[in-house]
Amino acid sequence: MNPQLFLAFVVVAAALACTPGVDWAYSIAAGLKERSFIPAVAGLCSGYVLHTVLIVAGLAALLAGMPGVLGWLTIAGAGYLLWLGVSTIRSWRGASFGAGPALDMSVPADPADTRTQPNQFRTYLQGVGTSGINPKGLLFYVALVPQFVSAEAPLPVPVQSGLLGLTFVLLAGAVYSCVALLARRLLHSRPGAARRVTLASGIIMVGLGTALLAEQLIL
């Protein structure tokens, strides 16, 4: 792989991961509501791993070239974001923190505590849906990754695509972890602000879902 192309991709991918959007909103909301933000971030990253697999297999470009299928995927993604946003808005009053180490985000949940496992798995699946079902993520891979693949490189094109896709996954995971952790730390002693941020995160998800749905209805 061309080192210069790879470095350019890292810069662009990092800039995109640092751009606030639905992933940020979900990371913040999960970081404020849940005991640990790790399942949420892992879910978001797993969704992008799915996109990486699709582009390596050549299915991403195929789907992008089928407006009908992509349109239905967009509607499904919009509906999912609307549901997730409404759920977040409905729970915004619970985004408050009390004192005590049990709410310390830096301390992982006790694996023996079965009460936390269903919630963590649900949070993980919601993260997968947030990034995996979102057609914008699919189009991001189709539009961006091929620009940094070199036909003259010793590695096959699918391998290059996979490496670039996984590089974005790692960058996104690092950025989203920082976002969730900072939100938790900064708002730990500010329950009122935590509630407002959670409410804003839900509104952002609803807004993006509405925009995606309106885009399809207009077309």
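See the structure above.
The structure presented is a predicted model; accordingly, all values stated were derived computationally and were not measured. All residue numbers here refer to positions counted from 1 along the written sequence of the relevant chain. This being a predicted model, a pLDDT of at least 70 is required before a residue's local features are given, and a value of 80 or more before pairs of side-chain atoms are given or counted; all residues contribute to the totals for chains, interfaces and linings. Here the side-chain values reflect all heavy atoms present in the structure, with hydrogen atoms and water set aside.

Caption draft 1: Up close: the nonpolar core. Counting residues in each nonpolar core, the largest one holds 40 residues, and the members touching the most others are F9, Y26, Y141, V145, F168, Y176 and M205. Put simply, DSSP H or I for four residues or longer makes a helix, DSSP E for two residues or longer makes a strand, and each gets a number counted from the N terminus. Per element, the largest residue contribution to this core is 10 residues, and it comes from helix α8 (residues 157-187). As used here, the term nonpolar core means buried Ala, Val, Leu, Ile, Met, Phe, Trp, Tyr and Cys residues forming a set that is joined through side-chain atoms within 4.5 Å. Buried residues are those whose accessible area, probed at 1.4 Å on protein chains only, stays under 20% of the maximum for their type, while exposed residues exceed 50% and partly exposed ones sit between those limits.

Caption draft 2: Structural detail: the side chain of T130. Within the element layout of this structure, T130 appears in helix α6 (residues 116-132). Judged by relative accessible area, which is 0%, T130 ranks as buried. Those residues in contact with T130 that sit more than four places away from it in its chain are V22, D23, Y26, L44, Y80, L81 and L84. Between two residues, a contact is recorded if the distance between any of their heavy atoms is within 4.5 Å.

Caption draft 3: Structural view of helix α3 (residues 38-57). Here the expected span of a helix is defined as 1.5 Å times the quantity of residues minus one. With 20 residues, α3 extends 28 Å from end C-alpha to end C-alpha; this agrees with the ideal 28 Å at 1.5 Å per step. Among all positions of α3, only P39, A40, V41, G43, L44, C45, G47, Y48, H51, T52, L54 and I55 are buried. Two residues or fewer past α3, G58 is found with a positive phi of approximately 85 degrees.

Caption draft 4: Broad picture of the side chain of S27. With respect to the element layout, S27 can be found in helix α2 (residues 22-33). Taking relative accessible area as the criterion, S27 reaches 1% and is therefore assigned buried. In the analysis that follows, any N or O atom pair within 3.5 Å is treated as a polar contact, provided that within protein one partner can donate a hydrogen and the other can accept it, and provided that, for residues neighboring in sequence, both atoms belong to side chains. Only 2.8 Å separates the side chain of S27 from the backbone oxygen of D23, close enough to count as a polar contact. Those residues in contact with S27 that lie beyond four places of it in its chain are L44, Y176, V179 and A180.

Caption draft 5: Inspection of the packing of α2 against α8 at higher detail. To obtain an axis, a line is fitted to C-alpha atoms, over the contacting stretch when the element is a helix, and the angle between two such axes runs from 0 to 180 degrees between their N-to-C directions. Taken N-terminus to C-terminus, the directions of α2 and α8 make an angle of 45 degrees; their axes are 8 Å apart at the nearest point. Relative to α8, the element α2 lies oblique. The crossing of α2 and α8 is right-handed. Facing D23, W24, S27, I28, G31 and L32 of α2, the residues of α8 in contact are V175, Y176, V179, A180, A183, R184 and L187. In this count, Pro and Cys sit with the nonpolar residues alongside Ala, Val, Leu, Ile, Met, Phe, Trp and Tyr, while Asp, Glu, Lys and Arg are called charged and the others, Gly among them, polar. Class assignment for the residues of the contact of α2 with α8 results in nine nonpolar, two polar and two charged. Each angle is binned into one of four classes, with values under 35 degrees roughly parallel, values over 145 roughly antiparallel, values of 65 to 115 roughly perpendicular, and all other values oblique. Throughout, a crossing is termed right-handed when the near helix is turned clockwise from the far one, and left-handed when it is turned anticlockwise from it by less than a right angle.

Caption draft 6: Focus on the packing of aromatic side chains. Side-chain rings of Phe, Tyr and Trp (the six-membered ring for Trp) are treated as a pair once their centres are within 6.5 Å; stacked means planes under 30 degrees apart, edge-to-face means over 60, and tilted covers the remaining angles. Taken as a whole, this structure holds five aromatic pairs when the rule is applied. Summarising the aromatic geometry, the rings of F9 and F148 are spaced 5.4 Å apart at their centres and angled 70 degrees between planes, so their arrangement reads as edge-to-face. Within this pair, whereas F9 is found in helix α1 (residues 3-17), its partner F148 is found in the loop between α7 (135-144) and α8, the two being separated by 139 residues in sequence. Judged by its relative accessible area of 10%, F148 is buried.

Caption draft 7: Structural detail: the environment of V197. Mapping V197 onto the fold places it in helix α9 (residues 191-218). Looking at V197, the relative accessible area reads 27%, which means it is partly exposed. Setting aside anything within four residues of it in sequence, one finds V197 in contact with I28, L32 and L187.

Caption draft 8: Spatial organisation of the state of the cysteines. The disulfide criterion used throughout: a pair of cysteine sulfur atoms within 2.5 Å. Under the counting rule described, the total for this entry stands at zero disulfides. Unpaired in terms of disulfides, C178 finds its nearest cysteine sulfur in C18, a separation of 8.7 Å. Using a relative accessible area of 45% as the deciding quantity, one classes C178 as partly exposed.

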